[in-house]
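A closer look at the structure
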Amino acid sequence: MSKIKPWAWVVLAASFLALFFNSSLNYSVGVLHIALLERFPEEEVTTISWLGALFSSMFALAGWTGSILVSTFNARVCVMLSGLVTLIGFVLSSLVVNMKYLFITYSLIAGTGQAMCYSGTLITLGYYFKEKTGMASGIALSGCGLCTFVFPPLSQFLIETYGLDGAFLLLGALGFQASVCGALMRPTEYEIRTNRKLCCNKNSNSVSKPCNNPNKRNWRDKLKFCKSLPFFVFLISSVSFNMAQSTVYLFLPDYFVHLGSSPQEAAFAISLAGITGILSRVLVGFLVTLVDTALVYGSSFGIFGVITVFLKYMTTLGSKLTYTSLFGIYMGGCWTLHYTLLVDIVGLYDVSAALGISMMACGGGYLIGPPIAEMFVLEFGDYYYAFAFTGQFGIYIF
């Protein structure tokens, strides 16, 4: 087992802060949604809802942009550019007077910045913590869980104090801090060696002198992992996982109110999932250093699915809080397991390309889950069937 270098802990702290300041901005989407409704009262609610839905899912849908940057340059360049792209997106959003342009500035540009930050930080952690990827990812991703409490009230304060345009500017400034954090992620020897191999491959195709690198590989050999059955099954689980997660986050507060809870109780129940999610991300990261990652990954979904099927009978406040606590425990750590399992399946050399593809699958599932669940609600006239739909996905992944 290779020894972890001292600078790796600096990179871990920088990754935590980068994910906290940049990739967690989508936790502000609910507060920004209300402000956008007030800013553009003439627009349909559905249109503005799609604006927030796209922004929330772009961190996954645009994950391939980070993969390309890491493969072309390195993870440090990717994370530093992510802060700049996020800043540009939010600054332009503060200048927009036509709501439809926000689909470009807010959803597309700012959302892509989050995706670049997320991909770049996880990939660099894989390079620095080869044998302890789960532990490192768990600690870094706990920053995202912490933002469940920080960004919604902070965004509300910024809107009330400086207006929506001022809030856009300041949120962009916070996201720009990822550039500072990325500057600390200096390339590892592995990255430098890999980039030399790729350059050697390109040069060997353009000049008559052959390349002396015996391990040279082309892009077609890097994408061979797409044909493997384990990776294909992993993509299916990624889609299912995010369809389930997005459905629960969207419908659960209203469902609790439907069962007799006050809006304040429903909001507190959701925030409780954030607390347990933070703990889960860290603890699961340490757990997978001792137990098989695939076993923990599948078991988490299976338990979550069974619990969700019985949600209909959780009518007391205590049982609702118990459900959201368990939801945070079993779903919060799955993002840690998601990247760790991906490294186990495709290996470290192919992880940058594989992460981009898997994140697109996650984003697709996050986007289509609620509309499909809504179909069940309309068909049967009961919110419970949205959760029955979700629970079946959890059991299926197991």
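Below is a summary of the structure that appears in this document. Everything quoted here is computed from the prediction, not taken from an experiment.

**Details of the environment of Leu321**
Positionally, Leu321 belongs in helix H13 (residues 317-332). According to the relative accessible area criterion, Leu321 is buried, its value standing at 19%. Between the C-alpha atom of Leu321 and that of Leu272, which follows or precedes it by 49 residues, the distance is 7.4 Å. What Leu321 contacts, discounting residues up to four positions off in sequence, is Phe268, Ala269 and Leu272.

**Some points on the side chain of Ser280**
Of note, Ser280 is situated in helix H11 (residues 263-287). Ser280 sits in the buried class, given a relative accessible area of 5%. For Ser280, the residues in contact, after removing those within four places along its chain, are Gly285, Gly328, Ile329, Gly332 and Gly333.

**Remarks on the packing of helix H5 (residues 75-95) against helix H6 (residues 102-128)**
Taken N-terminus to C-terminus, the directions of H5 and H6 make an angle of 160°; their axes are 8 Å apart at the nearest point. Between H5 and H6, the angle falls in the class roughly antiparallel. Pair H5 / H6 crosses with left-handed handedness. Side by side, H5 and H6 meet where Ala75, Cys78, Val79, Leu81, Ser82, Val85, Thr86, Gly89, Phe90, Leu92 and Ser93 of the first sit next to Leu102, Thr105, Tyr106, Ile109, Ala110, Gly113, Gln114, Met116, Cys117, Gly120, Thr121 and Thr124 of the second.

**Side note on the pattern of salt bridges**
A full pass over the atoms with the stated rule returns 3 salt bridges. In this structure, Glu189 and Lys5 form a salt bridge, with 3.6 Å as the shortest nitrogen-oxygen distance. With Glu189 in helix H8 (residues 189-206) and Lys5 in the segment before helix H1 (6-23), the pair connects residues that are 184 residues apart, well separated along the chain. The exposed category is assigned to Glu189, whose relative accessible area is 55%. Overall, the relative accessible area of 48% leaves Lys5 in the partly exposed class. Its salt-bridge partner being Asp165, residue Arg39 comes within 3.2 Å of it at the nearest N-O pair. Of the two residues, Arg39 sits in helix H2 (residues 29-39) while Asp165 sits in helix H7 (residues 133-183), which places them 126 residues apart along the sequence.

The rules we used
- Residues numbered from 1 in each chain as written.
- Predicted model: local features only at pLDDT ≥ 70, side-chain atom pairs only at ≥ 80, totals over all residues.
- Heavy atoms only, no water.
- Helix = DSSP H or I, 4+ residues; strand = E, 2+ residues; numbered from the N terminus.
- Buried < 20%, exposed > 50% of the residue type's maximum accessible area, 1.4 Å probe, protein only.
- Contact = heavy atoms within 4.5 Å.
- Axes fitted to C-alpha atoms, helices over the stretch in contact; angles between N-to-C directions.
- Parallel < 35°, antiparallel > 145°, perpendicular 65-115°, else oblique.
- Left-handed = near helix turned anticlockwise from the far one by under 90°.
- Salt bridge = Lys/Arg side-chain N within 4 Å of Asp/Glu carboxyl O.

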